Amino acid sequence: MDERLRFLLIGAHPDDADIKAGGTAARWCALGHVVQMVSLTDGRAGHQSQHGPALAQRRRGEARAAAAVIGASYQVLTHPDGELDDRLEYRQEVIRLIRSFRPDLIITHRSTDYHPDHRFAGLLVQDAAYLLTVPSLCPDVPHLARTPIILYFADAFKKPCRFEPQVLVDIDEQFEKLVAMLHCHQSQFYEWLPYNAGYLEQVPAGDADRRVWLAERMSRRIGPLAERYREQLLQAYGPEGGKQIRHIEAFEVSEYGAPLDEAALARLFPFLPALARSSSAFTRKEWVDIPEDD
Ligand SMILES: [Zn+2]
């Protein structure tokens with residue numbers, strides 16, 4: 001391989017990055033690239049009967065195991081789950097974290113989402129984006145010459161604006177890997193989420209049965225994304241390929257990062273068909289409100 005690219009997936013909780021981009025992360029890892037998943041909180045609130053440091057420790061272990069499935073790493077910060085906000089020290093921590101990792105691409109939440117931690121995670125990355133290049137801020141970590149490309153994880157919220165993806169990644173071949181990652185988050189997929197949503201009695205007891213059950217659930221949960229963007233998939237993958245895809249991960253370009261032009265798309269998503277590159281490439285408009293690259 002010519003170049004090991006660096007991908008930084010910043011979620012609010014220790015399973016967000018895997019749920020939203022685990023299949024794509026698996027593709028990058030298989031190509032030998034470096035993928036770091038991050039949780040800005042410690043996940044200590046995500047359970048009906050366990051909490052505090054014991055749950056945080058359990059979830060840290062689950063996150064590490066999930067990352068290990070694909071050869072990625074997982075960094076879980078220590079801020080309390082459910083209490084993320086946009087205070088200055090959190091922004092500075094995010095600036096240092098991104099500068100230290102020096103990513104080619106960042107993916108994070110949009111700042112419109114049902115969970116305040118997701119919203120603030122998106123906001124913290126958005127607020128850090130330009131300041132990454134300002135030497136006098138957080139001078140203990142060398143600034144970046146350029147703000148990296150930033151993408152958003154998919155969501156279904158409509159107000160104030162819908163998620164509009166430019167990148168659609170076919171993850172049918174990675175779907176079992178994705179399920180294997182999520183299977184590591186036992187406290188979430190077999191305990192907390194079923195309890196919270198009222199289907200705890202449906203969770204099978206045995207490990208093998210659980211995994212089959214989770215794969216079916218995830219297919220039902222992710223499947224609608226491919227249906228929602230079927231027209232775009234047909235354009236990007238061609239009429240034959242596009243109609244067969246069942247599971248995708250979708251990403252929208254953030255205006256606050258560097259533009260995702262055709263060359264960047266080819267470099268960062270080499271597994272996308274050439275069609276997808278020409279049909280969905282996003283280039284910054286001539287007129288911009290933030291400093292120019294050149
Ligand atoms: Zn979350």
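Structure shown above.
The structure displayed is predicted, hence computed values, not measured ones.

Novice: In this structure, what is going on with the coordination of the zinc ion? I would like to understand it.
Specialist: Each pair of donors in an ideal four-coordinate tetrahedral metal site encloses 109.5 degrees, whereas pairs in an ideal six-coordinate octahedral site enclose 90 or 180 degrees. The protein atoms donating to the zinc ion are His13 (ND1), Asp16 (OD), Asp16 (OD) and His118 (NE2), with metal-donor distances spanning 2.1 to 2.6 Å. What the four donor atoms of the zinc ion show is an angle range of 54 to 130 degrees at the metal, which sorts the shape as irregular. When the donors of the zinc ion are listed by position in the chain, the intervening gaps give H-x2-D-x101-H. Accessibility classification places His13 together with Asp16 in one group, the buried group.

Novice: Sorry, what's going on with the packing of helix α2 (residues 52–70) against helix α5 (residues 175–183) here?
Specialist: Relative placement of two packed helices is described by the angle separating their axes and the distance separating the axes. Closest axis-to-axis distance for the α2/α5 pair is 8 Å, and the angle between their directions is 160 degrees. Considering the angle they form, α2 stands roughly antiparallel to α5. In the packing of α2 onto α5, the handedness of the crossing is right-handed. Of the residues in α5, those in contact with Ala66, Val69 and Ile70 of α2 are Lys177, Ala180 and Met181. Looking at the contact of α2 with α5, its residues break down into five nonpolar, no polar and one charged.

Novice: Any chance you could explain the packing of helix α6 (residues 186–197) against helix α7 (residues 207–228) here in plain terms?
Specialist: Contact pair α6 / α7: the axes reach a minimum separation of 11 Å and the direction vectors enclose 70 degrees. Considering their axes alone, α6 and α7 lie roughly perpendicular with respect to each other. Crossing handedness for the pair α6 and α7: left-handed. Along the contact surface, α6 presents Gln186, Phe189, Tyr190 and Pro194, while α7 presents Asp207, Arg210, Arg211, Trp213, Leu214 and Met218. Partitioned by chemical class, the residues of the contact of α6 with α7 number six nonpolar, one polar and three charged.

Novice: It is not clear to me how the nonpolar core should be interpreted in this structure. Could you clarify?
Specialist: Across soluble globular proteins, you tend to see nonpolar side chains buried next to one another. Judged by nonpolar contacts, the single largest core of 65 residues is most densely connected at Leu9 and Phe269. Once residues within four sequence positions are removed from consideration, Phe269 is found in contact with Thr24, Trp28, Leu105, Leu151, Val167, Val169, Ala264 and Arg277. Counting 25 residues, the second-largest nonpolar core is a separate cluster that includes Leu8, Leu77, Ile98 and Leu132.

Novice: What am I meant to see in helix α8 (residues 230–244) here?
Specialist: An α-helix turns once every 3.6 residues. As a result, residues three or four positions apart point the same way. Between its terminal C-alpha atoms α8 stretches only 10 Å, short of the 21 Å expected from 15 residues at 1.5 Å a residue. Turning to α8, its buried residues number three or more, namely Arg230, Leu233, Ala236, Tyr237, Gly238 and Gly242.

Novice: I tried to follow the sheet that holds strand β2 (residues 34–41) on my own but got confused; where do I start?
Specialist: Sheet strands line up and pair through hydrogen bonds in the backbone, either parallel or antiparallel. Read across the open sheet, the seven strands follow the order β3-β2-β1-β4-β5-β7-β6; overall the sheet is mixed. Strands with a single pairing partner mark the edges of an open sheet, and in this sheet they are β3 (73–79) and β6 (167–170). Pairs of neighbouring strands in the sheet enclose a mean axial angle of 25 degrees, with direction left out of account. Where β2 and β3 come together, five bridges link them in parallel fashion. The residue bridging Gln36 from the neighbouring strand is Ser73, located in β3. Its contacts with the sheet place α2 against β2 and β3, and it is angled at close to 160 degrees to β3.

Novice: Help me understand α7, please; the structure alone is not making it clear to me.
Specialist: In a regular helix each residue adds 1.5 Å, so 22 residues correspond to 32 Å; α7 covers 32 Å between its end C-alpha atoms and thus fits that length. If you look at α7, its biggest bend is around 30 degrees, right at Arg221, and the proline Pro224 turns up within four residues after that. Looking only at α7, the buried set comprises Arg210, Trp213, Leu214, Ala215, Met218, Ser219, Ile222, Gly223, Leu225 and Ala226. The secondary structure elements touched by the buried residues of α7 are α5, α6, α8 and β7 (248–253).

Novice: Help me understand the pairing of strand β4 (residues 105–108), please; the structure alone is not making it clear to me.
Specialist: It is a general feature of regular strands that their side chains alternate between the two faces of the sheet. Burial along β4 is two-sided: the residues Leu105 and Ile107 and Ile106 and Thr108 are all buried. Across four bridges, strand β1 (residues 6–11) lies against β4 in parallel orientation. When the sheet's bridge partners are listed, Ile10 is paired in β4 with Thr108. Examined bridge by bridge, β4 and strand β5 (residues 149–153) share four bridges and lie parallel to one another. Within β5, the position partnered with Thr108 by the bridge is Tyr152. Of the crossover connections in this fold, the one passing from β4 over helix α4 (residues 116–131) to the parallel β5 is right-handed.

Reading guide: rules and limits
Residues numbered from 1 in each chain as written. Predicted model: local features only at pLDDT ≥ 70, side-chain atom pairs only at ≥ 80, totals over all residues. Heavy atoms only, no water. Donors = N, O, S within 2.8 Å, 3.2 Å for Na, K, Ca; no water. Tetrahedral: all angles 85-135°; square planar, octahedral: opposite > 155°, others 65-115°. Buried < 20%, exposed > 50% of the residue type's maximum accessible area, 1.4 Å probe, protein only. Axes fitted to C-alpha atoms, helices over the stretch in contact; angles between N-to-C directions. Helix = DSSP H or I, 4+ residues; strand = E, 2+ residues; numbered from the N terminus. Parallel < 35°, antiparallel > 145°, perpendicular 65-115°, else oblique. Left-handed = near helix turned anticlockwise from the far one by under 90°. Contact = heavy atoms within 4.5 Å. Nonpolar A, V, L, I, M, F, W, Y, C, P; charged D, E, K, R; others polar. Core = buried A, V, L, I, M, F, W, Y, C linked by side-chain atoms within 4.5 Å. Expected span 1.5 Å × (residues − 1). Pairing = 2+ DSSP bridges. Bend = angle between axes of the 7 residues up to and from the residue. Right-handed = clockwise from strand over helix to strand, strands pointing away.

Don't take any of this as a statement about function, it's just geometry.
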